[in-house]
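Structural description and commentary
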Amino acid sequence: MLTRRHFIATTAALFSAPITAPVLAQTLPEGVEGRPPRSDRSMWDVWDAQVTPPGYDPATSNPWGLHPRFLPQLVEANLGLLPGEVHVDAVARYLYHIRPGGTAMRYGVAIARGDLYEPGIYTIARKARWPIWTPTQNMIRRDPELYAQFEGGVDGGPLNPLGSRALYLYEGGRDTYLRIHGSPEARSIGGRASSGCVRMVMAHIIDLYDLVETGSTAFLYPPEDALGTT
C-alpha cells in the first residue's frame, strides 16, 4: 500500500515542481439516438491521421500551443522503477512510461479537478483504440445537466471525450472507471480539467498505446493540494 509518506518521498525524489494552469470545461459531442454507441473500425486510421499533425515529430510538433515541457521527452528513470510501469506525477503533470536501460518517456498530462482525482496503484487491465465513452452514474448524479443526455454512450471519434486511445485502470478485478486517455481538449494539458481521469494529447497517447502492455502497473501520485494534508 502506498502511504502519504511514501507519496511525498517518491514525488520529491522522482518528479519536478508544480505549475499553475487553468481548468477548462469539457466540450462534449452530441449523441446519436436510436442505436447503441459504436466505434467505427473503418474510420480508425482516418481519425489517427486527423489528430496527428503533418510531419509529426513527438519532440517538436506543437500545434496545440503546449508549454514545451509537456512535449514527449526521453529522460533518465530513477533506480528501482521497472520497465513497463506507468507513473503519473500529479504535481508536475507528467506521465512517465518506464523503459529498459534506465530510461523513461515523459509526457504532459492533465488530471482531474478538485477531489475527483484518485491517487493509488492500479493495473492497466484493458486497452481500447477509439473507445466509446459513457459517463458514470456518479458523473450524472453530480452534474445531470451536463451528463444525463449522454447516458446511453457516445460514439468513438475525434470529438469523443476519451479521444484516440484509453488505458483502463483496475483494482484487483474491479473497474475503477478511471482512465488514462486522449482528449480533444489538448489545451487542458498541464491543468486540472477531467472528472477523474488522466488526459493526454491524442497524438501522444497513440505513441504510448502500443508500448503499454495489459497487466502493467500504473502509479498515480497525489496532487499538490493533497500533499499538504495529514
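A few points on the structure.

Right, let's get into the sheet that holds strand S6 (residues 120–129). A sheet is described by the order of its strands in space; here nine strands give the open sequence S1-S4-S3-S2-S11-S6-S7-S8-S10, paired in mixed fashion. Of all strands in the sheet, those bounded by a partner on one side alone are strand S1 (73–76) and strand S10 (198–201). Recorded for the sheet is a direction-independent mean angle of 30° between the axes of neighbouring strands. Here S6 runs beside strand S7 (residues 165–171); their pairing, made up of six bridges, is antiparallel. Each residue of the ladder has a partner; that of arginine 126, found in S7, is tyrosine 168. Where helix H5 (residues 202–209) meets the sheet, it contacts strand S3 (94–99), strand S4 (103–108), S6, S7, strand S8 (174–183) and S10, and its direction lies at approximately 100° from that of S10.

This paragraph deals with the packing of aromatic side chains. Throughout the structure, instances matching the rule amount to three aromatic pairs. Seen in terms of ring centroids, phenylalanine 70 and tyrosine 94 are 6.2 Å apart; in terms of plane orientation they differ by 65°. Their pairing is edge-to-face. With phenylalanine 70 in the loop between helix H2 (44–51) and S1 and tyrosine 94 in strand S3, this pair connects stretches of sequence that are 24 residues apart. The two residues phenylalanine 70 and tyrosine 94 agree in class, both being buried. Ring geometry for tyrosine 94 and tyrosine 96: centres 6.0 Å apart, planes at 80°, overall edge-to-face. Taken as a pair, tyrosine 94 and tyrosine 96 share a single burial class, namely buried. Taken together, Phe70, Tyr94 and Tyr96 form an aromatic cluster joined through their ring pairs. It is arginine 106 that lies over the ring of tyrosine 94; its NZ or CZ is 4.1 Å from the centre.

Looking at H2, one finds that the buried residues are Trp44, Trp47, Asp48 and Val51. Projected down its long axis, H2 carries its buried residues within an arc of 105°, all on one side. Residues of H2 that are exposed and point over 90 degrees away from its buried face: Asp45, Ala49 and Gln50. In this structure, the buried residues of H2 make contact with S6, S7 and H5.

Next up on the list: the nonpolar core. Grouped together as the largest cluster of nonpolar side chains are 25 residues, with contacts concentrated most on Leu95 and Ile180. Ranked by residues supplied to this core, first place goes to H5 with three residues. Among the nonpolar cores identified, the runner-up in size contains 16 residues, and Ala77, Ala186, Ile189 and Val201 belong to it.

Across four bridges, S6 lies against strand S11 (residues 217–220) in antiparallel orientation. Note that in S11 the partner of threonine 123 across the bridge is threonine 217.

Phi is positive for arginine 93, close to 65°, though the residue is something other than glycine. Looking at the element boundaries, arginine 93 is found in the loop between strand S2 (86–89) and S3. Of note, the phi angle at tyrosine 177 is positive, near 65°, even though the residue is not glycine. Tracing the sequence through the fold places tyrosine 177 in strand S8. Taking relative accessible area as the criterion, tyrosine 177 reaches 53% and is therefore assigned exposed.

Definitions and cut-offs
- Residues numbered from 1 in each chain as written.
- Predicted model: local features only at pLDDT ≥ 70, side-chain atom pairs only at ≥ 80, totals over all residues.
- Heavy atoms only, no water.
- Pairing = 2+ DSSP bridges.
- Helix = DSSP H or I, 4+ residues; strand = E, 2+ residues; numbered from the N terminus.
- Axes fitted to C-alpha atoms, helices over the stretch in contact; angles between N-to-C directions.
- Contact = heavy atoms within 4.5 Å.
- Phe/Tyr/Trp six-rings, centres within 6.5 Å; stacked < 30°, edge-to-face > 60°.
- Buried < 20%, exposed > 50% of the residue type's maximum accessible area, 1.4 Å probe, protein only.
- Lys NZ or Arg CZ within 6 Å of the ring centre and 35° of its normal.
- Arc of directions from axis to C-beta.
- Core = buried A, V, L, I, M, F, W, Y, C linked by side-chain atoms within 4.5 Å.

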